[in-house]
Amino acid sequence: MRILMIAPEAAPFAKTGGLGDVVGALSREMAMAGHEVRVVIPAYGSVRHRDGWAPHPDPVAVHISPWNTLFCRFWTLNPPAHPAPPSAPIFHFVEHNEFFGENAIYTEPRRDAYRFAFLTLAALDFCLQTQWHPDVVHAHDWPAALAPVFLNTTRRGTALGRAASVFTIHNLFHQGIVPASLMEWLRLPSWLYTADNLECFGALNLMKGALYHATKITTVSPNYAREIQTLEHGCGLDPVLRHRAGDLAGILNGIDLAEWNPAADPHIAARFNAADAAQGKAANKAALQHALQLNPDAGIPLFGVVSRLYEQKGLDLLADLLPALLENAHMQFALLGSGEARLEDCYRNLAARFPGRCAVRLGFDNKLAHLIEAGADFFLMPSRFEPCGLNQMYSMRYGTLPIVRATGGLADTVEDWGSGHGAKTGTGIVFHEFNHGEILHAIHRALQLYFDFPPEFTALRRNALARDFSWKKPVAAYLNVYAEALKSRRGQGAATPPA
Ligand code: ADP
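Residues numbered from 1 in each chain as written. Predicted model: local features only at pLDDT ≥ 70, side-chain atom pairs only at ≥ 80, totals over all residues. Heavy atoms only, no water.

**Some points on the nonpolar core**
The biggest cluster of nonpolar side chains holds 172 residues, and the ones touching the most others in it are Phe333 and Tyr347. Of all the elements, helix H3 (residues 109-130) adds the most residues to this core, at eleven residues. For this core, the domains that each give at least three residues are domain 1 (2-254 + 472-490) and domain 2 (274-466). Tyr347 has contacts with Leu315, Leu318, Ala319, Leu322, Phe333, Leu335 and Val360, leaving out every residue within four places of it along the chain. (Core = buried A, V, L, I, M, F, W, Y, C linked by side-chain atoms within 4.5 Å. Buried < 20%, exposed > 50% of the residue type's maximum accessible area, 1.4 Å probe, protein only. Helix = DSSP H or I, 4+ residues; strand = E, 2+ residues; numbered from the N terminus. Domains from an automatic or database assignment. Contact = heavy atoms within 4.5 Å.)

**Observations regarding the layout of surface pockets**
Quantified by volume, the second largest pocket comes out at close to 480 Å³. Among the elements that line the lining of the second largest pocket, the one with the most residues is helix H1 (residues 18-32), at five residues. Grouping the constituent residues of the lining of the second largest pocket by class yields 14 nonpolar, six polar and six charged. Both domains that meet at the lining of the second largest pocket, namely domain 1 (2-254 + 472-490) and domain 2 (274-466), each give it at least three residues. (1 Å grid on protein atoms, 1.4 Å probe; cavity = no way out; pocket = protein on both sides within 12 Å on 5 of 7 lines; lining within 4 Å. Points joined across faces, edges and corners; volume = space filled by probe spheres on them. Nonpolar A, V, L, I, M, F, W, Y, C, P; charged D, E, K, R; others polar.)

**Re the packing of aromatic side chains**
Evaluation of the coordinates by the stated rule reveals 26 aromatic pairs. The interplanar angle of 85 degrees and the centroid separation of 5.9 Å between the aromatic rings of Phe116 and Trp142 together place this pair among those described as edge-to-face. Here the residue Phe116 occupies a position in helix H3, and Trp142 occupies one in the loop between strand S7 (136-140) and helix H4 (146-152), the gap between them amounting to 26 residues. For Phe116, a relative accessible area of 0% corresponds to the buried category. Above the plane of the ring of Phe116 lies Arg115, whose end atom (NZ or CZ) is 5.4 Å from the centre. Geometry around Phe150 places Arg155 over its ring, the cationic atom sitting 6.0 Å from the centre. (Phe/Tyr/Trp six-rings, centres within 6.5 Å; stacked < 30°, edge-to-face > 60°. Lys NZ or Arg CZ within 6 Å of the ring centre and 35° of its normal.)

**As for empty space enclosed by the protein**
Taken as a whole and assessed by the stated rule, the structure comprises one cavity of 30 Å³ or more. Of the volumes computed, that of the largest cavity is approximately 30 Å³. Lining the largest cavity are Leu4, Arg38, Val40, His92, Phe126, Cys127, Thr130 and Trp132. Looking at the lining of the largest cavity, the elements with two or more residues in it are strand S2 (36-42) and H3. In terms of residue class, the lining of the largest cavity is built from five nonpolar, two polar and one charged.

**Some thoughts on the pattern of salt bridges**
Oppositely charged side chains can pair when the atoms bearing their charge come close. In the structure shown here, the tally under the stated rule is 21 salt bridges. Across the pair Asp21 and Lys15 runs a salt bridge, and its minimum N-O distance is 2.9 Å. Among the ionic pairs, Asp238 bridges to Arg242, the shortest N-O distance being 3.0 Å. Taken together, the positions of Asp238 and Arg242, both in helix H8 (residues 238-243) and four residues apart, correspond to about one turn of that helix. (Salt bridge = Lys/Arg side-chain N within 4 Å of Asp/Glu carboxyl O.)

**Focus: the environment of Phe201**
Relative to the assigned elements, Phe201 resides in the loop between strand S10 (199-200) and strand S11 (203-205). Separated by 24 residues in sequence, Phe201 and Ile177 have C-alpha atoms that sit 9.8 Å apart.

**Examining the packing of helix H10 (residues 315-328) against helix H15 (residues 436-452)**
One can describe the packing of H10 onto H15 by two numbers: an axis separation of 10 Å at closest approach and a directional angle of 50 degrees. Accordingly, the angle class assigned to the pair H10 and H15 is oblique. Here H10 runs over H15; the crossing is right-handed. Contacts between H10 and H15 pair Leu317, Leu318, Asp320, Leu321 and Leu325 from the former with His436, Ile439, Leu440, Ile443 and His444 from the latter. Among the residues making up the contact of H10 with H15, the classes are represented as seven nonpolar, two polar and one charged. (Axes fitted to C-alpha atoms, helices over the stretch in contact; angles between N-to-C directions. Parallel < 35°, antiparallel > 145°, perpendicular 65-115°, else oblique. Left-handed = near helix turned anticlockwise from the far one by under 90°.)

**Here we look at the state of the cysteines**
Scanning all chains against the criterion turns up zero disulfides. Of the cysteine sulfurs around Cys127, a residue in no disulfide, the closest is that of Cys72, at 12 Å. Here Cys388 stays free of any disulfide, with the sulfur of Cys235 as its closest cysteine sulfur at 16 Å. Of the residues examined, Cys388 reaches a relative accessible area of 2% and is grouped as buried. (Disulfide = S-S within 2.5 Å.)

**Some points on the domain arrangement of the protein**
Assigned domains of the protein: these are domain 1 (2-254 + 472-490) and domain 2 (274-466). Inter-centroid distance (C-alpha atoms) of domain 1 to domain 2 is 33 Å. Each side of the interface is counted separately: domain 1 has 19 residues, and domain 2 has 16 residues. Carbon and sulfur atoms supply 59% of the area buried between domain 1 and domain 2, which totals about 1,300 Å² over both sides. The interface formed by domain 1 and domain 2 includes zero salt bridges. For the pair domain 1 and domain 2, the interface holds seven residue pairs in polar contact (both at pLDDT 80 or more). Looking at the side of domain 1 that touches domain 2, the elements that each hand over two or more residues are H1 and helix H7 (222-227). (Buried area = accessible area lost by both parts, 1.4 Å probe. Polar contact = N/O pair within 3.5 Å; in protein donor to acceptor, adjacent residues only side chain to side chain.)

Given below as structure tokens:
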């Protein structure tokens, strides 16, 4: 199958969070399963001109509208002329100085709508120009949400018209709500400006457009697929998602087992596997304490966080609780993250107040992220909502017990110490309601597990290390969705304006 992925991020080239990890790993796993996969992302200033990049010989003409053609350059990694059969995805990077010249992946929403509409059209027009016609166009999150819309309208009559579209919601909270002038720039047909297409209270909602136009929709965990159909988690789009429920699948993300492998991780201090986890974890804990200037203490439970600092993650509530906890409980806390200024300030102050017991690093640091996963005893994710969450899976892979709220993919992946078979199958601590009391109770349970139940703590760690989060099942599930999408697309007539 020929698969075109369009996304704003793909690891290892450009990443702010889980979306980048998933696009990088899923495309690679699909290619390894024998499919011809191409990924189109912008050549942001920060990823430009890597070794092995080859420029496409001709400029690519992007037909924004019948009256407006812009040109860009495509750079390719692993060019198709390579003699080996395709077993790796081909990455295309779109270079356009005005749209993607700066280092940042995201700028401000209004401008991003234009940047990513351009990316999407560039991807489609490049396929047309090079006569590489995908069977499936897989669009990721709101930045690529116009792909299904273009395939049903302005590109419907082209050689791409038979391509099925699959749209993946990585986070429903970010929908790309932008001024209607974008439609004029793109000269999209006016019938799209209705509530069951793109229109949303006088503006455009790009995510909504994708939900109506994609052949199939997926999201990143089965539980989140259920949740987003409810008023509470639907972010205003729950009616559309219920309407499309028959075409919506929740597929749990896998993790990149090569990148996140404690037995071969170049970023950590001591490599380990399930058999020598106790020694390996202890060595990494000591290294983490040293790296972050925490007091060296093998016997103190160390709680870690690696996260974007946004309201979604529930770290505001955690920050309220930490002063009393660090004052009274025997524990250490290490956070790596960046995001909202008020949260950054809050955690910076906390670190200043509790030197040796609380360490905070603001910024993006992949190496430290790995060391925290390896060296911490517990990993905190008290999220308000969490479509899938990858860090809890990385944690389990490194024998670090996640403390999570039972929302979205966190509920699908972490089994509570106290539920079902307890220490026989538990892999972490799970709490349910989003409030201070529940988070505090969960942390107290973790402390209790660590100090009062060492054999159970070891058993949970063993269970966590044994969990399988490979891409094998998710890839099979995506291929199934692609096959269904193709079947329904090829049996379907052209999109027509409503009478
Ligand atoms: P989200 O996609 O909502 O940010 P996920 O848990 O799905 O959350 O994925 C987060 C990914 O981003 C993980 O790979 C995590 O290690 C990484 N990450 C987040 N913040 C940082 C940071 N400050 N430094 C390094 N890696 C980070």
